[in-house]
Amino acid sequence: MENKNEVLRLSFAFAVRIVRLCDYLKKEKSEYTLSRQLLRAGTSIGANVTEAQDAQSKKDFISKMSIALKEAKETRYWIALLIETDYLPRDYKGIKSLRRELDSIIRLLSSIILSAKKALS
């Protein structure tokens, strides 16, 4: 996905990584329940960011971006749970960079929402 919008680019790239991680969990670990939750939340971030681009108002934009932020935080929860339950080893290839990427998305979304709220008042 080629886009100059950083949050769109990051959230799409993150969703691709989540899809691949969930595929690994299903094929290698035979884990379906938690991975389905991770897939839903992790791909929803970018979907909501994309919806926000065509928001009907500033309030609608803030609402969609806030949903994206909530989904990002939920994704962080599912990843932590998968690690704690040993479905994902702490040293699993790429898990540290995935978590750093998610933290960057959370910080970026928080900043965007804060700026949008300031512009609204």
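The model shown is predicted, which means the values in this text are computed figures rather than measured ones. Along each chain, residues carry numbers from 1 onward, in the same order as the chain's sequence is written. Since the coordinates come from a predicted model, pLDDT governs what is reported: local features require at least 70, and pairs of side-chain atoms require 80 or more to be given and counted, while whole-chain, interface and lining totals use all residues. Working from all heavy atoms in the structure, the side-chain values ignore hydrogens and water.

## Remarks on the overall build of the chain
Stated precisely, the cut-off is as follows: Only DSSP runs of H or I reaching four residues or more are called helices, and only runs of E reaching two or more are called strands; each is numbered from the N terminus. The globule rule is 2.2 Å times the number of residues to the power 0.38, and the radius of gyration it is compared with is taken over C-alpha atoms. Between buried and exposed lies partly exposed: a residue is buried under 20% and exposed over 50% of the maximum accessible area for its type, with that area taken using a 1.4 Å probe on protein chains only. Only heavy atoms enter the contact rule, under which two residues are in contact if any of them lie within 4.5 Å. Only the protein chains shown count as cover for residues, and the accessible areas themselves come from Shrake-Rupley with a 1.4 Å probe.
Secondary structure summary: the chain contains four helices and zero strands in total. In sequence order, the chain lays out its α and β elements as α-α-α-α. Compactness check: the chain gives a C-alpha radius of gyration of 15 Å against a globular reference of 14 Å for 121 residues, within 12% of the reference. With the C-alpha coordinates aligned to their principal axes, the bounding extent of the chain is approximately 50 × 25 × 25 Å. Taken over 121 residues, the chain has a buried fraction of 40%. Within the chain, residue pairs in contact and separated by at least 24 positions form 71% of the contacts whose partners lie at least 6 positions apart. Accessible area for the chain stands at about 7,200 Å²; split by element, carbon and sulfur atoms hold 51% of it.

## Side note on the pattern of salt bridges
For clarity, the threshold we go by: Note on definitions: salt bridges are taken to be side-chain nitrogens of Lys or Arg within 4 Å of carboxyl oxygens of Asp or Glu.
Per the stated rule, a full pass over the model turns up nine salt bridges. In this structure, the salt-bridge partner of K64 is D60, at a minimum N-O distance of 3.6 Å. A residue pair is termed a helical-turn pair when its members lie 3 or 4 positions apart in one helix, as K64 and D60 do in helix α3 (residues 58-84) at four residues. By relative accessible area, D60 is classed as partly exposed at 21%. Through salt bridges with shared partners, one network takes in R40, E71 and E74.

## Some thoughts on the environment of S63
With respect to the secondary-structure elements, S63 resides in helix α3. For S63, a relative accessible area of 36% corresponds to the partly exposed category. Each C-alpha atom of the pair S63 and N48 lies 9.4 Å from the other, and the pair is 15 residues apart in sequence.

## Some thoughts on the packing of helix α2 (residues 33-52) against α3
To keep it simple, the criterion reads: All axes are obtained by fitting lines to C-alpha atoms, using only the stretch in contact for helices, and the reported angles, taken between N-to-C directions, cover 0 to 180 degrees. The labels follow the angle: roughly parallel below 35 degrees, roughly antiparallel above 145, roughly perpendicular from 65 to 115, and oblique for the rest. Helix crossings are classified by the rotation of the near helix relative to the far one: an anticlockwise turn of less than a right angle makes the crossing left-handed, while a clockwise turn makes it right-handed. The nonpolar class holds Ala, Val, Leu, Ile, Met, Phe, Trp, Tyr, Cys and Pro. Asp, Glu, Lys and Arg form the charged class, and all remaining residues, Gly among them, are polar.
The N-to-C vectors of α2 and α3 enclose an angle of 155°; their axes lie 8 Å apart at closest approach. Comparing their axes, α3 and α2 come out roughly antiparallel. The chirality of how α2 crosses α3 is left-handed. Among the residues forming the contact of α2 with α3, the class breakdown is 15 nonpolar, five polar and five charged.

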